[in-house]
Amino acid sequence: MPRMLDVSDEVRSEIGDDEADRLLGGDRAPDSYECTSCRTPGDTHVEPTSTVLFVGDETAVLAFAHARCIPSQVVPVSEEQLAGAVRSISQSQTGAPDLAVPAAPAPIAPTPGAPAGGVSQPTAPGQAAILGITCGLVLHGKVGHASLVVEPTGPVGRPGSTSGEDEFLDLLQDAGFQAVTDLDETPEQLPGWSVLVAMGKLHAILQPAAAGGSTGWWQAHQPLQVTDAWRMAASQLSEVTMYAVPAGMVGRQPREDLLRQALERAVALGQVVAASLPLAGT
C-alpha cells in the first residue's frame, strides 16, 4: 500500500530510483516509526513522513521523521554518529527496512567542529581554528530566544591568507550575517541557512550548497544535548538566533545571565554579527 512519504531529490540520488520507488510504493517503508527528530511515534499511512538519510564515510542509514518536524534530506555524519543512529533506529523502528547503502563519493567536507564554507584557515602554521558553540536562551525584549554563540579558538582568515589576520566576522557578513547593535532586537532570517536538531540533539548548522540543497557549515563531533527550555523556545519560534564573535571575545560562560553580559560587552565593541536561522527538526 502506498505510504505518505516524501523522498527528496538528494535522498533519491543517494539511494537510487529503484529503492526510492519501492519506498514510495510501500514495499520498503515501515507502517509505524519513531520520528528521528522529536522521538514521538509516527504512522506512514496517515501522516506525511520525511525520509532522512544519514550518510557516513562508507555507509548510510535511512530514518523516518514527521514532515512537520524535518524535511526529507541527506545529513552528513561521522561514522561514530552513524553507529549511534543505527542503534537508536534499531531500538525504535523494528519494522523499518534494514537499509545501509554505500555512501556515494562526495567532495571533501570540512572537519566536524571546524568552520566550513572556506573559513577553516590556520591560526598558526599547522594549527586550525576550531569553532566553539555555546547554547543558551537570550532575551529579545521579554521573549527568550534559543541561541547559539559561535566563537573560534583563534583567528580565521580567508582561503589562501597567511597573514594571521582575523576575518571571521567579515566572512560571515559576506554570507549575509548582520552586525548587532542592540541585543534586544531579533536579527533578520538568513535564507538558505538552518540549524539541524535531530534525534532531540543539536547536530549541525547548515548553509546553502553551491549545487543546491544544504551542506554543513558546522557539525558536532557528537550531537550536543540541549536543555528542554532551549528546545521549546526553538520549536515555538521555529528558528534559532546565531551570534558569532571573534576568538576570546565571549568565552565559555556557565550561566545564561553571564552569557548575555559577555555578549553585551562584545556588542558595545562592535564585535558581534548575527542572523536568525530556521529550525530543521525539533
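Residues numbered from 1 in each chain as written. Predicted model: local features only at pLDDT ≥ 70, side-chain atom pairs only at ≥ 80, totals over all residues. Heavy atoms only, no water.

Peer 1: Describe helix 6 (residues 256-268), listing the residues and the values that go with them.
Peer 2: Here helix 6 is 13 residues long and its end C-alpha atoms lie 18 Å apart, about the 18 Å a rise of 1.5 Å per residue gives. Among all positions of helix 6, only Leu259, Arg260, Ala262, Leu263, Ala266 and Val267 are buried. Along the axis of helix 6, the buried residues cluster in a sector spanning 165 degrees; they form a single face. What points out from helix 6, more than 90 degrees from its buried face, is the exposed set Arg265 and Ala268. Packing partners of the buried residues in helix 6 comprise strand 10 (131-140), strand 11 (143-152) and strand 16 (239-244). Gly270, located one to two residues past helix 6, shows a positive phi value of around 70 degrees. (Helix = DSSP H or I, 4+ residues; strand = E, 2+ residues; numbered from the N terminus. Expected span 1.5 Å × (residues − 1). Buried < 20%, exposed > 50% of the residue type's maximum accessible area, 1.4 Å probe, protein only. Arc of directions from axis to C-beta. Contact = heavy atoms within 4.5 Å.)

Peer 1: Mind laying out the pairing of strand 14 (residues 201-208), listing which residues take part and the relevant values?
Peer 2: Taking burial as the measure, the eight residues of strand 14 include six buried ones, the bulk of the element. As paired strands, strand 13 (residues 194-198) and strand 14 are joined by five bridges and run antiparallel to one another. Residue Ala198 lies in a different strand from strand 14, and its bridge partner there is Lys201. Bridge count for strand 14 against strand 15 (residues 214-225) is seven bridges, and the pairing is antiparallel. (Pairing = 2+ DSSP bridges.)

Peer 1: Which residues make up the pairing of strand 13, and what values do they have?
Peer 2: The element strand 13 is extensively covered by neighbouring structure, given that five of its five residues are classed as buried. The side-chain alternation of strand 13 yields two buried faces, one formed by Ser194, Leu196 and Ala198 and the other by Val195 and Val197. As defined by bridge partners, strand 13 adjoins strand 17 (residues 273-280) across two bridges and the pair is classed as parallel. Its bridge partner being in strand 17, Leu196 is matched across the sheet by Ala280.

Peer 1: Hey, could you go over helix 2 (residues 17-25) for me, with residue numbers and the actual values?
Peer 2: Every buried residue of helix 2 is accounted for by Glu19, Ala20 and Leu23. All buried residues of helix 2 fall inside an arc of 100 degrees around its axis, so they share one side. Check the buried side of helix 2 and you find it contacts strand 1 (5-6), helix 1 (9-15) and strand 5 (59-66). The positive-phi residue at the C-terminal boundary of helix 2 is Gly26, with phi of around 100 degrees.

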